[in-house]
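# Observations on the model geometry
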Amino acid sequence: MPLGVVMQEKRRLLITGATGFIGRHLVPALAGHGHKVVAALRRPMALSPLIDQVLIKDLADGVDWMPLLQGIDVVIHLALRKETARIKKSAPANVRVRTPWTQHLNPGNAA
């Protein structure tokens, strides 16, 4: 998709890392453009009433994504463990950490 192109159709989005560095800006912007945003959070947060919240366990402990993905059109996976973000600054290290969690979000990889 070319830069500057926005989704014209309104989508239902599941976003991990919704309160992180990128997510805290992206989530309200997407909701403001009329998308239905579902924020996957470890603890309840004060978010706009336009944003649904679902509470999940820490990603490292494993999450059953299948029920959460019902009715979702797009997943935006931004979550990263806080201690990992501080320790591992390089892109290859972040990819190594995020890849297993991303694989769990893929219904084709479901056990």
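If you're wondering where the values come from, they're calculated on a predicted model, not measured in any experiment. (Residues numbered from 1 in each chain as written. Predicted model: local features only at pLDDT ≥ 70, side-chain atom pairs only at ≥ 80, totals over all residues. Heavy atoms only, no water.)

Bringing the nonpolar core into the picture now. Membership of the largest hydrophobic core is limited to 11 residues, which are L13, I15, A18, V27, L30, A31, V37, A39, L41, I51 and I76. Elements represented by at least two residues in this core include exactly β1 (12-16), α1 (23-32) and β2 (36-41). Residues within four places of A31 in sequence aside, it is in contact with V37, L50 and I51. If you look at the next biggest cluster of nonpolar residues, it comprises 10 residues, including V38, L59, V63 and W65. (Core = buried A, V, L, I, M, F, W, Y, C linked by side-chain atoms within 4.5 Å. Buried < 20%, exposed > 50% of the residue type's maximum accessible area, 1.4 Å probe, protein only. Helix = DSSP H or I, 4+ residues; strand = E, 2+ residues; numbered from the N terminus. Contact = heavy atoms within 4.5 Å.)

Time to look at α1. Within α1 the residues assigned to the buried category are G23, V27, L30 and A31. Buried residues along α1 cover an arc of 100° about the axis, so they all sit on one side. Among the exposed residues of α1, those pointing more than 90 degrees away from its buried face are H25 and G32. Against β1, β2, β3 (51-55) and β4 (74-77) lie the buried residues of α1. At the exit of α1 stands G34, carrying a positive phi of roughly 95°. (Arc of directions from axis to C-beta.)

Another point: the environment of T19. Within the fold, T19 resides in the loop between β1 and α1. Using a relative accessible area of 34% as the deciding quantity, one classes T19 as partly exposed. Sequence separation between T19 and A40 is 21 residues; the distance between their C-alpha atoms is 9.4 Å.

Attention now moves to the environment of A31. Residue placement: A31 occurs in helix α1. The buried category is assigned to A31, whose relative accessible area is 9%. Through-space distance from the C-alpha of A31 to that of R12 is 9.8 Å; in sequence the pair is 19 residues apart.

This model, assessed by the stated rule, comprises 3 salt bridges. Residue E9 is joined to R11 by a salt bridge in which the shortest nitrogen-to-oxygen separation is 3.9 Å. Given a relative accessible area of 30%, R11 falls into the partly exposed group. D52 is the partner of R12 in a salt bridge, and the nearest nitrogen-oxygen pair spans 3.9 Å. Placement of the pair is R12 in strand β1 and D52 in strand β3, with a sequence separation of 40 residues. We classify R12 as partly exposed; its relative accessible area is 27%. Taking relative accessible area as the criterion, D52 reaches 29% and is therefore assigned partly exposed. Among the charged side chains, a salt-bridge network with shared partners connects R12, K36 and D52. (Salt bridge = Lys/Arg side-chain N within 4 Å of Asp/Glu carboxyl O.)

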